[in-house]
Amino acid sequence: TPVPDDDPAGVPDDWAGGDDAAETGRDGPFVTTSEGVAVPDEGTVDRVQDALRAAERGLIVAGPADQGLSADSLERLASATGFPVLADPLSDLRFGPHVDRLDVPVCGGYDGYLGSDSVEQWGDPDVVVRFGASPTSKPLRQYLRDADCRQFLVDPTGGWSEAEFTATDLLVADPDATADALAGETLDGVAASWREQFARAERVHWDAVDDTTAETYWEGGVLSDVAALAPDPATLFVSNSMPIRDMDRFGRPRDADLTVLGNRGASGIDGITSTALGAGSATADPLVLVTGDLAYYHDMNGLLALGRCAVDATVVLINNDGGGIFHMLPIDDHPTFEDQFRTPHGLDFEPTEALYSLEFERVADRRQFRERFAESVRADGTQVIEVQFDAGDSHAVRDRLAEQVAETLAGD
Ligand SMILES: Cc1ncc(C[n+]2csc(CCOP(=O)(O)OP(=O)(O)O)c2C)c(N)n1
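Residues numbered from 1 in each chain as written. Predicted model: local features only at pLDDT ≥ 70, side-chain atom pairs only at ≥ 80, totals over all residues. Heavy atoms only, no water.

*Asks:* Sorry, what's going on with the nonpolar core here?
*Replies:* If you look at soluble globular proteins, the nonpolar side chains tend to sit buried side by side. In this structure, Leu52, Leu86, Tyr113, Leu114 and Phe198 are the most contacted members of the largest nonpolar core, which totals 57 residues. For this core, the element with the most residues is helix 9 (residues 192–215), which contributes seven residues. Domain assignment of the residues forming this core places at least three in each of domain 1 (42–200) and domain 2 (217–408). Excluding residues within four positions of it along the chain, Phe198 makes contact with Leu59, Pro84, Leu86, Pro105, Cys107, Tyr113, Leu114, Trp122 and Tyr143. With 26 residues, the next largest nonpolar core counts Phe95, Met247, Leu258 and Val377 among its residues. (Core = buried A, V, L, I, M, F, W, Y, C linked by side-chain atoms within 4.5 Å. Buried < 20%, exposed > 50% of the residue type's maximum accessible area, 1.4 Å probe, protein only. Helix = DSSP H or I, 4+ residues; strand = E, 2+ residues; numbered from the N terminus. Domains from an automatic or database assignment. Contact = heavy atoms within 4.5 Å.)

*Asks:* What exactly am I supposed to notice about the packing of aromatic side chains here?
*Replies:* Here the distance between the centres and the angle between the planes together describe a pair of aromatic rings. This structure, assessed with the given rule, holds eight aromatic pairs. Relative to Phe198, the ring of Trp194 lies with its centre 5.1 Å away and its plane at 75°, an arrangement referred to as edge-to-face. With Trp194 and Phe198 both in helix 9 and four residues apart, the pair spans about one turn of that helix. Each of the two residues, Trp194 as well as Phe198, counts as buried. A ring pair is formed by Trp218 and Phe250, whose centres lie 4.9 Å apart and whose planes are at 75°; its orientation type is edge-to-face. On the criterion of sequence distance, the pair formed by Trp218 in the loop between helix 9 and helix 10 (219–229) and Phe250 in helix 11 (residues 242–250) is long-range, its members being 32 residues apart. One exposure class covers both Trp218 and Phe250, and it is buried. Ring-pair connections join several aromatic residues into one group, and the members of that group are Trp122, Trp194 and Phe198. (Phe/Tyr/Trp six-rings, centres within 6.5 Å; stacked < 30°, edge-to-face > 60°.)

*Asks:* Whenever I open this one, unusual backbone geometry confuses me. Can you help?
*Replies:* When glycine is set aside, most residues are seen to have a negative phi, and most peptide bonds are trans. Omega for the bond connecting Asp232 with Pro233 falls within 30 degrees of zero, at 5°, which places this linkage in the cis form. Note on placement: Pro233 falls in the loop between helix 10 and strand 7 (234–238). A positive phi angle, close to 75°, is found at Ser241, a residue other than glycine. When you line up the elements, Ser241 lands in the loop between strand 7 and helix 11. Accessibility expressed as a relative area gives 21% for Ser241, which makes it partly exposed.

*Asks:* I would appreciate a short explanation of the domain arrangement of the chain in the present structure.
*Replies:* Think of interface size as the accessible area that goes away when the parts come together; that is how it is often given. According to the domain assignment, the chain consists of domain 1 (42–200) and domain 2 (217–408). The distance between the C-alpha centroids of domain 1 and domain 2 comes to 29 Å. Counting residues at the interface gives 22 residues for domain 1, matched by 21 residues for domain 2. Our count for the contact surface shared by domain 1 and domain 2 stands at two salt bridges. Between Asp111 and Arg249 there is a salt bridge; the shortest N-O distance is 2.7 Å. Applying the counting rule to domain 1 against domain 2 returns eight residue pairs in polar contact (both at pLDDT 80 or more). Of all the secondary structure elements, the ones that give two or more residues to the side of domain 1 that touches domain 2 are helix 4 (98–101), strand 3 (106–107) and helix 5 (110–113). With four residues, helix 5 is the largest single contributor of residues to the side of domain 1 that touches domain 2. Residue composition of the side of domain 1 that touches domain 2, grouped by class: nine nonpolar, eight polar and five charged. (Salt bridge = Lys/Arg side-chain N within 4 Å of Asp/Glu carboxyl O. Polar contact = N/O pair within 3.5 Å; in protein donor to acceptor, adjacent residues only side chain to side chain. Nonpolar A, V, L, I, M, F, W, Y, C, P; charged D, E, K, R; others polar.)

*Asks:* Could you clarify how one ought to interpret helix 2 (residues 42–54) in this entry?
*Replies:* Residues spaced three or four apart along an α-helix face the same direction, because each turn holds 3.6 residues. A rise of 1.5 Å per residue sets the reference length of helix 2, with its 13 residues, at 18 Å; its end C-alpha atoms lie 18 Å apart and thus fit the reference within 8%. Of the residues making up helix 2, those classed as buried are Thr44, Val45, Val48, Gln49, Ala51 and Leu52. For helix 2, the arc enclosing every buried residue in end-on projection is 160°, short of the 170-degree limit, so these residues lie on one face. Pointing more than 90 degrees away from the buried face of helix 2 are the exposed residues Glu42 and Ala54. Packing partners of the buried residues in helix 2 comprise helix 3 (71–81), strand 4 (127–131), strand 5 (150–154), strand 6 (169–171) and helix 8 (175–182). Measuring from the backbone nitrogen of Gly43 back to the side-chain oxygen at the start of helix 2 gives 3.2 Å, which picks out Asp41 as the cap. (Expected span 1.5 Å × (residues − 1). Arc of directions from axis to C-beta.)

Now the structure itself:
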């Protein structure tokens with residue numbers, strides 16, 4: 001098609017009109033950005049410290065955050081206040097050396113026990129200091145929503161990023177600067193019994209998880225094993241739907257440098273594999289991706305990045321043939337449930353081995369899974385370890401486990 005003024009000789013030599021930058025690009029970014037650190041003023045620090053000092057039942061809640069509160073500042077604040085810490089898996093504070101170093105409990109099992117009658121009898125917290133976004137855990141969000149207490153939300157962007165709108169005070173300041181300023185004085189007026197209640201609930205929860213997982217091969221047990229067996233350091237990318245919920249409830253805090261990443265938000269399960277492999281290409285840590293079968297299927301093209309971006313990964317593929325999460329909806333006995341909600345596909349993912357030059361292995365039990373996982377995280381290349389489950393059975397195990405924890409907590 002003839003184009004008016006088209007030059008048959010191609011792009012003229014002087015196309016840039018003498019502008020070197022147009023030809024060679026700039027040296028450096030177009031805009032240089034310098035970020036400041038918002039520090040809370042003295043009056044605010046005094047005011048918050050007064051509230052923390054007066055608290056008998058205080059809590060620190062670390063929600064999902066990228067480059068949020070650091071472990072060092074958390075340690076300082078938790079030591080100064082004596083408040084138990086509830087650490088979301090996406091807060092970057094569920095795992096790390098502070099877990100063993102701190103005298104206060106760093107809790108990771110709260111999703112499994114906060115809704116129980118026993119916890120209700122402990123009474124509401126009187127002060128909560130929150131960092132990051134709204135927690136992944138629905139029981140924790142509801143606990144915070146229902147608690148009649150002062151809630152300080154530290155949010156450097158002032159975005160009021162919470163789902164339940166329960167904060168009473170928004171502190172628009174840097175998380176570390178705020179925690180460090182508050183920790184400048186000892187504020188520990190917390191009742192020892194409050195700390196012990198959380199410590200005991202954690203013991204009961206993790207004992208129940210260990211016992212159940214020793215007896216039963218189930219989805220939650222896989223997440224528990226992944227958190228326990230991941231090498232130190234490691235980057236764990238956990239898909240939406242049940243994997244992140246199971247990591248939240250069954251990923252036990254430990255002294256290991258585990259960076260847990262997720263992709264929760266408007267894009268849903270779109271691009272899980274691509275995001276995980278992108279994260280893997282930006283770190284020297286071993287990369288583990290835990291994904292459901294629909295998420296794996298949805299972004300199978302993303303596996304091309306394994307070769308293109310030279311990433312090695314351990315992919316734990318939890319195949320329950322469809323969206324297992326939908327069993328949690330009250331429509332799981334409706335005639336449309338299978339076709340329109342669970343959407344089983346019956347796909348065999350083994351051919352992704354040849355397509356994307358990876359190693360695919362289907363394991364049959366927990367022992368095999370643990371062995372293959374431990375080998376894979378040390379091995380070169382990418383291994384997809386498929387574990388197959390019936391989603392309904394795994395939900396029944398989750399329910400039984402929560403009941404067992406509630407019963408034990410209710411006993412002496
Ligand atoms: C792009 C996109 N489409 C649809 C959804 C709705 N959705 C939420 S969870 C889910 C099921 C995911 O299934 P799977 O990855 O197998 O995990 P499981 O539910 O079995 O844990 C779906 C389809 C979504 N989040 N994102």
